[in-house]
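Fold and contact review
Chain by chain, the residues:
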Amino acid sequence: MPLSPASPQEVFDALIASVDRAVLRPELDVRSIPAPTGLAPFSYALAADVNPARHVDDSDLGTGRLLVLFDPEAPAGWNGTVRIVCFAQAPLEVDIGLDPFVADVTWAWLVDALETRGAEYTAASGTATKVLSTGYGELAAQGSGAQLELRASWTPLDDDLSAHVEGWSELLCMIAGYPPAPEGVAVLPTRRASRG
């Protein structure tokens, strides 16, 4: 008896099961959050904060979001039925923010993080933005600051998304100033809030 094809819900559930198998950097607090609606028939979202203390609710070291979109109709531009969208943000030292190559380096970190984890993908796109700010008036005491943001998306070439999520995890830590995880050194899985 031939196997019946999987329903879109079953395909999506398998994708999210692979997300949940990802082994993430221990410096991250990761949780599932409500996914935005209207982008695809199926979506799932994670949020993460770089938080080495592990007991502080808010982190000023870095933050990120990852969104898994699934559309069985394979929208134009996706080159597939699954699209991953990520966001990463971290404060910078002002002198680093002035570096004209910092945006290029940030994109290279994403590419390297995905490659190191063995994530295969196509149709990558994104922006790296550095923001320099100076406080005036009542905000003058804040002085000058800098921030780096990366927004990117890509289409995975396989149904196991764990390597893609691990690459995002690595990117978040690198953008916050942590060195890459050494090859061959295992990191402990991060507990994730259960999906509601």
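Our structure is the block above this text.
Not measured: the values here are computed from a predicted model. (Residues numbered from 1 in each chain as written. Predicted model: local features only at pLDDT ≥ 70, side-chain atom pairs only at ≥ 80, totals over all residues. Heavy atoms only, no water.)

A look at the sheet that holds strand S5 (residues 121-134)
On the basis of which strands lie adjacent, the open sheet formed by six strands has the order S1-S2-S3-S4-S6-S5 and antiparallel pairing. Here the strands that pair on one side only, and so sit at the sheet edges, are strand S1 (28-33) and S5. Each adjacent strand pair in this sheet contributes to an overall mean axis angle of 15°, direction not counted. The strands touched by helix H4 (residues 162-175) within the sheet are S1, strand S2 (42-50), strand S3 (63-70), strand S4 (82-92), S5 and strand S6 (144-156), with S4 carrying the most contacts at an inclination of about 15°. (Pairing = 2+ DSSP bridges. Helix = DSSP H or I, 4+ residues; strand = E, 2+ residues; numbered from the N terminus. Axes fitted to C-alpha atoms, helices over the stretch in contact; angles between N-to-C directions. Contact = heavy atoms within 4.5 Å.)

A word on helix H3 (residues 102-116)
Spanning 15 residues, H3 covers 21 Å between terminal C-alpha atoms, matching the ideal 21 Å at 1.5 Å per step. Taken together, the buried positions of H3 are Val102, Thr106, Leu110, Ala113 and Leu114. Seen along its axis, H3 keeps its buried residues to an arc of 125°; they face one direction. Looking one or two residues beyond H3, the residue adopting positive phi is Gly118, at roughly 80°. (Expected span 1.5 Å × (residues − 1). Buried < 20%, exposed > 50% of the residue type's maximum accessible area, 1.4 Å probe, protein only. Arc of directions from axis to C-beta.)

Side note on unusual backbone geometry
Positive phi is not limited to glycine here, since Ala74 has a value of about 50°. Among the structural elements, Ala74 can be located in the loop between S3 and S4. You can call Ala74 partly exposed: its relative accessible area is 35%.

Examining the environment of Trp168
Within the secondary structure, Trp168 sits in helix H4. Accessibility expressed as a relative area gives 0% for Trp168, which makes it buried. The spatial distance from the C-alpha of Trp168 to the C-alpha of Ala48 is 10.0 Å, given a sequence separation of 120 residues. Setting aside its immediate chain neighbours within four residues, Trp168 contacts Leu46, Ala47, Ala48, Gly64, Arg65, Leu66, Cys86 and Phe87.

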